[in-house]
Amino acid sequence: MSENIVGVKRERYLTFYLGHEQYGIAIDKIKEIIAMMKVTSVPKTPSFMRGVINLRGSIIPVVDTRSRFGMEARDEDMHTAIIIVEVEKVNIGFIVDRVEEVSSIDPANLSVPPKFGNQIDTDFICNVAQIEENVVMILDVIKLFEADELVSLEQIQQIQKREGE
Amino acid sequence: MAKKVIIVDDSRAVVATAELALDEMISSGVIEFKSYLNPMELLGALQNGTEDFDLLISDVNMPQLNGLELARSIKSDERYKNKPIIILTTESSNEMKMTGKEIGVTGWMVKPFSDEKLVKSLKMILGV
């Protein structure tokens, strides 16, 4: 089949919205999508960390994605969802406004992101893709965190796990 | 040939969740996956013969048309009456199950469903 020819393999991404902007994450890193649930805040964590959730017994740190992207807060509604992504062997939840769909993107339609000026750090956008008439910013989730932040997320998980025992 | 699986659910998150769960079957070409957010659109396409499926997964509570009514309409069409339909629901009352049985739906899946359960059910129904 043509889609299996090496070099033209279409990558699949889960796309979602934050405000009017559409973002995508490669699906091989995604564990699941869940509806918004109660998030317990954890002291002394980076400001964009909303807290942790208890998902079927697993403690998962949850990122306020809007806050991480420097966007203003927004009330949650029925579309608000948490996307659970594996980042360096740690499962992390990302709160998004609305999940859109799983899209196949031909690598030929990916391009390097333009510079958006200096007010926000856009290192975590690894590519920009055109899907029909929409522009989707593909995220490199690991770049959303500083190295020490990932370590602290792992620690949050471990501490919460111990406390739960 | 890939078996065609259609999911109809007005929630994009549920559609994406199912697509993620079935990713291995989709990328290996075992199934072809298509989704509809509007059951009326699917019904129209089936009725005028521009759409077909080997398995349909349908939500129940959708604003345009209830999933059980959708299943009833599809099953009343000669072309689709023997095709399997799975109903996705958040709660399955006995009354609902009776209706489903009368219509001839193949199975029920309670949301949130596990990836394993969805894959297992699909493989069993499609014989793949």
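Just above sits the structure.
Residues numbered from 1 in each chain as written. Chains lettered and ligands numbered in written order. Predicted model: local features only at pLDDT ≥ 70, side-chain atom pairs only at ≥ 80, totals over all residues.

Asks: Got a sec to walk through the sheet that holds strand 11 (residues 134-139) of chain A? Specific residues and values, please.
Replies: Pairing is mixed across the open sheet formed by six strands, whose spatial order is 8-1-2-11-10-9 (chain A). Every interior strand has two partners, whereas the edge strands, strand 8 (98-105) and strand 9 (110-111) of chain A, have only one. Pairing between strand 10 (residues 125-131) of chain A and strand 11 of chain A: six bridges, direction antiparallel. Along strand 11 of chain A, the bridge assignment pairs Ile131(A) with Asn134(A). Contacting strand 1 (11-18) and strand 8 of chain A, helix 1 (residues 12-21) of chain B crosses the sheet at an angle of about 40° to strand 8 of chain A. (Pairing = 2+ DSSP bridges. Helix = DSSP H or I, 4+ residues; strand = E, 2+ residues; numbered from the N terminus. Contact = placed C-beta atoms within 7 Å. Axes fitted to C-alpha atoms, helices over the stretch in contact; angles between N-to-C directions.)

Asks: Hey, could you go over the interface of chain A and chain B for me, with residue numbers and the actual values?
Replies: For an interface, size is often stated in terms of accessible area lost upon the parts coming together. Residue-level contacts link eleven residues of chain A with nine residues of chain B. Looking at the side of chain A that touches chain B, the elements with two or more residues in it are strand 3 (30-35) and strand 8 of chain A. The element best represented in the side of chain A that touches chain B is strand 8 of chain A, accounting for four residues. Taken together, the residues that form the side of chain A that touches chain B break down as eight nonpolar, no polar and three charged. (Nonpolar A, V, L, I, M, F, W, Y, C, P; charged D, E, K, R; others polar.)

Asks: Tell me what's going on with the nonpolar core, and back it up with residues and numbers.
Replies: Grouped together as the largest cluster of nonpolar side chains are 65 residues, with contacts concentrated most on Leu14(A), Ile83(A), Phe94(A), Ile6(B), Ala16(B) and Ile87(B). In terms of residue count, the dominant contributor to this core is helix 1 of chain B (six residues). Apart from the residues lying within four places of it in its own chain, the contact partners of Phe94(A) are Val63(A), Thr65(A), Ile82(A), Ile83(A) and Val85(A). (Core = buried A, V, L, I, M, F, W, Y, C linked by C-beta atoms within 7 Å. Buried ≥ 20, exposed ≤ 12 C-beta atoms within 10 Å, placed from the backbone.)

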